[in-house]
Protein chains: 2
Amino acid sequence: MAVATSPATPAVRVQPGVPFRLSDIDPDATKPFKDKKHAEKRLEELRQQLSDLQENLYAEHRQSLLLVFQAIDTGGKDGAIRKLLTGVNPAGVEVSAFKAPSKEELDHDFLWRIHPHTPSRGHIGVFNRSHYEDVLVTRVHGLIEPTTWQQRYQDIVNFEQLLTRNGTRVLKFFLHISKEEQASRLQARLDDPAKRWKFEPDDLKERKLWDSYQLAFQEALAACSTLDSPWYVVPANHKWARDLAIAEIVVAALTAMNPRPPAANFDVAAQVIE
Amino acid sequence: MAVATSPATPAVRVQPGVPFRLSDIDPDATKPFKDKKHAEKRLEELRQQLSDLQENLYAEHRQSLLLVFQAIDTGGKDGAIRKLLTGVNPAGVEVSAFKAPSKEELDHDFLWRIHPHTPSRGHIGVFNRSHYEDVLVTRVHGLIEPTTWQQRYQDIVNFEQLLTRNGTRVLKFFLHISKEEQASRLQARLDDPAKRWKFEPDDLKERKLWDSYQLAFQEALAACSTLDSPWYVVPANHKWARDLAIAEIVVAALTAMNPRPPAANFDVAAQVIE
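None of these values were measured; they are calculated from a predicted model.

Some points on the overall build of chain A
No. 1: Helix and strand content of chain A: 9 helices and 7 strands.
No. 2: Its C-alpha atoms give chain A a radius of gyration of 20 Å, near enough to 19 Å, the size a compact globule of 274 residues would have.
No. 3: Over its C-alpha atoms, taken along the principal directions, chain A stretches across nearly 70 × 50 × 40 Å.
No. 4: Here chain A holds 274 residues, and the buried ones make up 53% of them.

Focus: unusual backbone geometry
Most of the time, phi is negative for any residue but glycine, and the peptide bond is trans.
No. 1: Between Lys31 of chain A and the following residue, Pro32 of chain A, the backbone shows a cis peptide bond with an omega angle of 5 degrees.
No. 2: Mapped onto the fold, Pro32 of chain A is located in the loop between strand E2 (12–14) and helix H1 (36–60).
No. 3: Notably, His61 of chain B is not glycine yet its phi reads approximately 60 degrees, a positive angle.
No. 4: Relative to the elements of secondary structure, His61 of chain B occurs in the loop between helix H1 (36–60) and strand E3 (64–71).
No. 5: Backbone geometry places Thr74 of chain B, a non-glycine residue, at a positive phi of 70 degrees.
No. 6: Secondary-structure assignment places Thr74 of chain B in the loop between E3 and helix H2 (77–85).
No. 7: The class of Thr74 of chain B is buried, set by a relative accessible area of 8%.

Structural notes on the pattern of salt bridges
Pairing is possible between side chains that carry opposite charge, provided their charged atoms lie close to one another.
No. 1: Applying the stated criterion across every chain, the model contains 28 salt bridges over all chains.
No. 2: Between Glu181 of chain A and Arg185 of chain A there is a salt bridge, with its nearest N and O atoms 2.7 Å apart. Taken together, the residues span about one helical turn, with Glu181 of chain A and Arg185 of chain A both in helix H6 (residues 179–191) at a distance of 4 residues. Arg185 of chain A shares its class with Glu181 of chain A; the two are buried.
No. 3: For Arg152 of chain B, the salt bridge identified is with Asp134 of chain B, shortest N-O distance 3.8 Å.

What counts and how
- Residues numbered from 1 in each chain as written.
- Chains lettered and ligands numbered in written order.
- Predicted model: local features only at pLDDT ≥ 70, side-chain atom pairs only at ≥ 80, totals over all residues.
- Heavy atoms only, no water.
- Helix = DSSP H or I, 4+ residues; strand = E, 2+ residues; numbered from the N terminus.
- Rg over C-alpha atoms; globule rule 2.2 N^0.38 Å.
- Buried < 20%, exposed > 50% of the residue type's maximum accessible area, 1.4 Å probe, protein only.
- Salt bridge = Lys/Arg side-chain N within 4 Å of Asp/Glu carboxyl O.

Pasting the structure below:
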């Protein structure tokens, strides 16, 4: 089962441990958002709030926020991250993109290369792909057994609990597009010379595995969405609705964290500047 | 000797190996900039150009840019970084702030903790403080001998040459304020409860060492400004002129790097999306 989010967005929050069907969630959904024009205005407000909240988070130096982005190819991870965070002081943001692991990384457990990139106190960390790749791409390509991905679900939940206990709020976003939308985005990358560098011929091989990927995402999200560290399925065929949904959820979470600059721990009146 | 920069800004570029006097450079300088209103308009244009250039740098995935910021306390490093980069996609920017070294870091050479933070291909790296601290604060506090800082100048020049040879353009900015301006900024931090978290009583002890710091900066800049990796002294009493000077220099350098998205290395016509 998936439940509506608070604040009201087209995104659905995956309920801990309860199976659900990705195919029940419409990638075209935009309600309750009105239209693109309203969305742009609201997004601008939210980005200003986000910028202010981030400054307080940085000054407070006690909590941090980790945003995890996953999607099928062309799902819009890069665009969503850019739309959310352009306008926030980059000194308070750490974006990490996880590509195929190196030989050295493969010689360690799957969280070894992830851990150093978790955000430090006062920072917003962003994962463009993440530790979830190791229950997705490896599974779909038959590199791991069912026992292994079941164990990794546990490892992931435990790891995110560790982060949460240390003051890091973890929010995870799956950008949900339709197979038709992917076709049209791949075609656009091929057609536009300025976008062509984003296209890889291997993307077409991955596309043939669409159904396996959907199943792998669906099970990973159900297994690893917790009360403290939820997964959100964000309908992402319409970029404007996708971006606004994410911004609403992030700003609401940061507002609830209520970051505040610390009080002075010295005698203010005693300070004399010569 | 210091020379005027191209493009024309109030900043001066330190000539390689030639002694100069910091006290000859007016921290109040704003010429040839007209006034704050013009500067804000121009800064907005430059930030848009910077955002576009950064996208191409990222797509090209061949070169990178490292911006080093140093200043006396309250010199405006945080503000200058925020002003320059807010509006650029944080996924293409890596900001590293170097505080007092840890025990483990002190058990290595002084570049050991710096090297992992140099920007990866396609990225803009920003150092808020840097390896230069080890010829500044250590020197002023008498922790190292003249021989040591002279050797470190060489180590730094060699290190930055290594980066340059690997495709990283290195630009270094010293934010130059007057002693009176520091007094007024420290007082503002004390007076404003919202800014008070930025104040440390130890800042006043450091202020007493003002002349020693000026001398240490002056010598380090002269010794480590090279043709490829120049130091700029940026008059920084006026924040608007400081921010515009930096943006002009950074945008000119990135424009000269001329980053371009790579051409497709596959047969575009042969790609069929099913």
